[in-house]
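In case you want the letters, here they are:
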Amino acid sequence: ATDQDAGVNGIISYQFSETVAQSDSSFSIDSSSGEVKLKNPLDFETAHTHELSVRATDGGGLSAICNVLVKVLDVNDNAPELVVSSFSSPLPENTKPGTVVVLFSVRDRDSGANGKVSCALDEQLFFSLRPAYKNYYELVTVSTLDREETAQYILTVTAADEGAPPLSTTQTFTVDISDVNDNAPVFNQTSYTMYVRENNVPTVLVGAVSAADADVGLNAKVTYSLSPVQPAEQPSCSCISVNSENGHVFVLRPLDYEKMRQTEVVVSASDAGSPPLRANVTVHLVVLDENDNAPVVLYPAQDSSPASSELVPMSAEAGYLLTKVVAVDADSGQNSWLSYHLLRASEPGLFAVGAQSGEVRLRRPVTERDSVKQKLIVLVRDNGRPPQSATAALSALLLKDFSDVRLQHSSPTPDNEGDSLTTYLIISLVFVSLLFLISTAAFIARKVCKRKQLKGGHVLYGADNLQSGLANAAAAGTLPHAYCYEISLTTGSGNSEFKFLKPVLPSLPPQHSAMDGATNDEQGFPCVPITTEDVAPDNAGSLCAERFNSL
């Protein structure tokens, strides 16, 4: 400012006028020179202009006022800002593509190019950034999410202005993926094979199944159970149980290898999700054999009926096959391997038993000193631990009637064995039939001879001449006692019937019991010959009256 006065009146001083309502704390003025200086940095974003009122006063008290307008020029001193309006986390893994995860806005307090902001998202396959409205942006999903592959995503959004140099701001969003029950349990094996020995103790542990679920929480809690069998399938074994918590498999009751060699069940693993998911696996249970069955002899039969004897000709030589012991064992493997041993025999040196075949053969030729009937006991033993055994009782008959049969030393073939046995049976049958026919013929011949002898006799003993004859015989001392006999001899009959009646004559004195020409039988009874001349002159025969005293 200038003042035309001179001296003190022309000296001018400067100061800010207090009448202007403004903040002048950022400015200062030199009272002598009038220079306006900054006391503090200016902020374009706070005030674009500053209006100052400066008063110039001279020494005489006169003053003048001048307005000073300070315009603040913008510089790029403000970085962009991100303001989040919404943020969804955690995000379900079954979220559909295009779902908005973050909604935010950006701003820059600078002006012009310094205030222009652009946003960018770091490279990401599952999310993208798109503008929504004015300075608003959306962070959205672009593909299906899978918590089992990536449980958490870290998204970085960068906002930068166009100043020189440009300023930028980075915002990080951590998106957690929440679990959905979209994974069924998975067994660590496609199938299981477990083994148990027969005659096991009840509730024995034979193995375990294990399944894992890729989900978390209740969706990953696995429980085990036996899957029900479909009606069309064969019923499962009720002897198997599975622990629902740890998958341990138990056999509830003793098993018998001979009744069930293997079985299978279906074990189901189910999670606790809603709805629950499950998986099935087949468990094969193989029963291992124990040597709990003794051999059973099939031939020769060992029932209660008497065993048939094997026919052996006296001409049989060493190596002759008597029979073959056939036995089976219900066990398997080495428990069913059978061996045969001669346990006891009437002539131990005469027979030998094949250890593997069970064939009973002659060890040496048959001699006359050997007993006709031979008895053998063959021991059949399996190869189990401990071994079990059974015995087979055999008998053999050494026959001389087969002396014309010459057998080779070599073992006969099975066909020859059958033919020889058939021949022996036929010969035996013929022999028995001949004996029967001869006996029948002898009996018939004897009957015919008797009839012929009876037809040649005409002695008839009537009541009259019998009594007189007996009386004479008793008087003559021929009979010890007087009895009345009625004797009937018919021409057409081969039998003579004697009817003994009570005595009709008094007994003779004891002195008459001694009869001339009488003989005694083996027991001392008198045997008196009676000739037909005493009764009928035409008959030539004799009768022996025995044991009359006993009658």
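Thresholds, definitions, all that
- In this convention, every chain numbers its residues from 1, walking through the sequence in written order.
- The predicted origin of the model limits local features to residues at a pLDDT of at least 70 and limits the giving and counting of side-chain atom pairs to 80 or more, whereas totals for whole chains, interfaces and linings rest on all residues.
- In computing side-chain values, all of the structure's heavy atoms are included and hydrogens and water are not.
- Every helix listed is a DSSP run of H or I at least four residues long, and every strand listed is a run of E at least two residues long, numbered separately from the N terminus.
- Relative accessibility under 20% of the residue-type maximum defines a buried residue, over 50% an exposed one, and the middle range a partly exposed one, all with a 1.4 Å probe and only protein chains included.
- In what follows, residue pairs with any heavy atoms lying within 4.5 Å of each other are defined as contacts.
- Accessibility throughout is a Shrake-Rupley quantity obtained with a 1.4 Å probe, and a residue counts as covered only by protein chains that appear here.
- UniProt positions are given in the numbering used here, feature names are shortened, and annotations may be inferred rather than shown by experiment.
- Here the rule is simple: two strands pair whenever DSSP picks up at least two bridges between them.
- Residues belong to a common nonpolar core when they are buried Ala, Val, Leu, Ile, Met, Phe, Trp, Tyr or Cys residues joined through side-chain atoms within 4.5 Å.
- Patch membership requires over 30% relative accessible area and the absence of a salt bridge. Like charges are linked within 9 Å, and nonpolar side chains (Val, Leu, Ile, Met, Phe, Trp, Tyr) within 5 Å.
- Here, a salt bridge means any Lys or Arg side-chain nitrogen found within 4 Å of an Asp or Glu carboxyl oxygen.
- His is not counted here, nor are the chain ends, while Lys and Arg score as positive and Asp and Glu score as negative.
- By convention, charge coordinates are those of NZ in Lys, CZ in Arg, CG in Asp, or CD in Glu.
- Planes of paired rings set the category: under 30 degrees apart is stacked, over 60 is edge-to-face and the rest tilted, where pairs are Phe, Tyr or Trp rings (Trp by its six-membered ring) whose centres lie within 6.5 Å.
- The pLDDT value tells you how sure the predictor is about a given residue, anywhere from 0 up to 100.
- Fitted lines through C-alpha atoms serve as axes, helices being fitted only where they are in contact, and the angles separating the N-to-C directions of these axes extend from 0 to 180 degrees.
- We define a polar contact as two N or O atoms separated by no more than 3.5 Å, with the added condition that, inside protein, one atom must be a possible hydrogen donor and the other a possible acceptor, whereas residues neighbouring each other in sequence contribute only through side-chain atom pairs.

1. Details of the overall build of the protein chain
Line of reasoning, step 1. From N to C terminus, the protein chain includes 2 helices and 36 strands.
Line of reasoning, step 2. Within the protein chain, the fraction of its 551 residues that count as buried is 31%.
Line of reasoning, step 3. When contacts within the protein chain are restricted to residue pairs at least 6 apart in sequence, those whose partners lie at least 24 apart make up 62%.
Line of reasoning, step 4. As displayed, the protein chain offers around 33,300 Å² of accessible surface, 54% of which is attributable to carbon and sulfur atoms.

2. Digging into the UniProt feature "transmembrane region" (unreviewed entry) in the protein chain
Line of reasoning, step 1. Within this structure's numbering, the places UniProt gives as "transmembrane region" (unreviewed entry) are residues 421–445.
Line of reasoning, step 2. The straight-line gap between the two end C-alpha atoms of residues 421–445 is 36 Å; of that span, 100% is helix and 0% is strand.

3. Here's the deal with the environment of Ser85
Line of reasoning, step 1. With respect to the helices, strands and loops of the structure, Ser85 is situated in strand β6 (residues 81–87).
Line of reasoning, step 2. Ser85 sits 19 residues away from Phe104 along the chain, and the two C-alpha atoms are 5.1 Å apart.
Line of reasoning, step 3. In contact with Ser85, other than residues within four places in its own chain, are Leu103, Phe104 and Tyr136.

4. Quick look at the pairing of strand β24 (residues 310–313)
Line of reasoning, step 1. Neither face of β24 is exposed, since Glu310 and Val312 on one face and Leu311 and Pro313 on the opposite face are all buried.
Line of reasoning, step 2. One ladder, built from 4 bridges, connects β24 with strand β31 (residues 389–399); its direction is parallel. For Leu311, the partnering residue across the bridge sits in β31 and is Leu397.

5. Quick word on the sheet that holds strand β13 (residues 168–178)
Line of reasoning, step 1. Within the open sheet, the 4 strands sit side by side as β7-β13-β12-β9. Their pairing is mixed. Looking at which strands have only one partner, the edges of the open sheet turn out to be β7 (91–92) and β9 (117–121).
Line of reasoning, step 2. Relative to strand β12 (residues 152–161), β9 runs antiparallel, the two sharing 5 bridges. Across the sheet, the residue bridging to Val117 is Asp161, located in β12.

6. A few points about the nonpolar core
Line of reasoning, step 1. Of all hydrophobic cores here, the largest spans 27 residues; its most connected members are Val312, Leu322, Val325, Tyr340, Val360 and Leu362.
Line of reasoning, step 2. Secondary structure elements with two or more residues in this core: β24, β27 (338–345), β28 (351–353), β29 (359–362), β30 (373–382) and β31.
Line of reasoning, step 3. Ranked by residues supplied to this core, first place goes to β31 with 5 residues.
Line of reasoning, step 4. Formed by 26 residues, the second largest nonpolar core is a distinct cluster that contains Phe187, Val209, Ala211 and Val267.

7. What to know about a positive patch on the surface
Line of reasoning, step 1. A cluster of basic residues, Arg446, Lys447, Lys450 and Arg451, forms a positive patch at the surface.
Line of reasoning, step 2. The residue Lys447 is located in helix α1 (residues 414–455) in this model.
Line of reasoning, step 3. The exposure class of Lys447 is partly exposed, given its relative accessible area of 41%.

8. Quick look at a nonpolar patch on the surface
Line of reasoning, step 1. A contiguous nonpolar surface patch, about 630 Å² in accessible area, is contributed by Ile426, Val430, Leu434, Phe436, Leu437 and Ile438.
Line of reasoning, step 2. Here Leu437 shows up in helix α1.
Line of reasoning, step 3. Given the relative accessible area of 54%, Leu437 is considered exposed.

9. Quick notes on the packing of aromatic side chains
Line of reasoning, step 1. In total, this model carries 7 aromatic pairs according to the counting rule given.
Line of reasoning, step 2. Judged by centre distance (5.8 Å) and plane angle (20°), the ring pair of Phe104 and Tyr137 falls under stacked. Taken together, the positions of Phe104 in strand β8 (residues 100–107) and Tyr137 in strand β11 (residues 136–141) put the pair 33 residues apart, joining distant regions of the chain.
Line of reasoning, step 3. These aromatic residues form a ring-pair network of at least three members: Phe87, Phe104, Tyr137 and Phe173.

10. Notes on the confidence of the model for the protein chain
Line of reasoning, step 1. Put simply, the protein chain has an average pLDDT of 79, and 75% of its residues get 70 or more.
Line of reasoning, step 2. Summarising per-element confidence for the protein chain, the mean pLDDT is lowest in strand β36 (residues 542–545) (38) and highest in strand β20 (residues 248–251) (95).
Line of reasoning, step 3. Counting interchain partners and residues more than four positions distant, the pLDDT-below-50 stretch residues 402–416 has 20 contacts.
Line of reasoning, step 4. Segment residues 458–551: pLDDT under 50, and 95 contacts once partners within four positions in sequence are set aside and those in other chains are kept.

11. Some thoughts on the sheet that holds β31
Line of reasoning, step 1. In space, the 4 strands of this open sheet follow the order β24-β31-β30-β27, with mixed pairing throughout. The open sheet has two free edges, formed respectively by β24 and β27, since each of these has just one partner strand. Pairwise comparison of adjacent strand axes, ignoring direction, gives a mean angle of 35° for this sheet.
Line of reasoning, step 2. Bridge analysis of β30 against β31 gives 9 bridges, and the strand direction is antiparallel. The residue bridging Leu376 from the neighbouring strand is Leu394, located in β31.

12. Topic: the pairing of strand β10 (residues 127–131)
Line of reasoning, step 1. Summarising the sheet, β10 and β11 pair through 5 bridges and their orientation is antiparallel. Of the residues in β11, the one forming a bridge with Phe127 is Thr141.
Line of reasoning, step 2. Connecting β10 to the antiparallel partner β11 that follows it, the hairpin turn spans 4 residues, and Lys134 within it adopts a positive phi of roughly 50°.

13. A word on the pattern of salt bridges
Line of reasoning, step 1. Counting across every chain of the model gives 8 salt bridges.
Line of reasoning, step 2. Arg147 is the partner of Asp179 in a salt bridge, and the nearest nitrogen-oxygen pair spans 3.1 Å. Of this pair, Asp179 sits in the loop between β13 and β14 (186–187) while Arg147 sits in the loop between β11 and β12, and the two are 32 residues apart along the sequence.
Line of reasoning, step 3. Salt-bridge contacts for Arg364 lead to Asp370; the nearest nitrogen and oxygen are separated by 3.0 Å.
Line of reasoning, step 4. In this structure Arg364 comes out as partly exposed when scored by relative accessible area, which is 26%.
Line of reasoning, step 5. Under the relative-accessibility criterion, Asp370 is labelled buried at 8%.
Line of reasoning, step 6. When salt bridges that share partners are traced, they join Arg147, Glu148 and Asp179 into one network.

14. Topic: the side chain of Asn219
Line of reasoning, step 1. Along the chain, Asn219 falls in the loop between β17 (211–212) and β18 (222–226).
Line of reasoning, step 2. Assessed through its relative accessible area of 15%, Asn219 is described here as buried.
Line of reasoning, step 3. Sequence-distant contacts of Asn219, that is, excluding residues within four places in its chain, are made with Asp179, Val180, Asn181, Asp213, Asp271, Gly273 and Ser274.

15. Regarding the side chain of Arg147
Line of reasoning, step 1. Residue Arg147 is classed as buried on the basis of its relative accessible area of 12%.
Line of reasoning, step 2. A distance of 3.1 Å separates polar atoms of two side chains, one belonging to Arg147 and the other to Asp179.
Line of reasoning, step 3. Excluding anything up to four places from it in sequence, Arg147 contacts Glu93, Ile177, Ser178, Asp179, Ala214, Asp215 and Val216.

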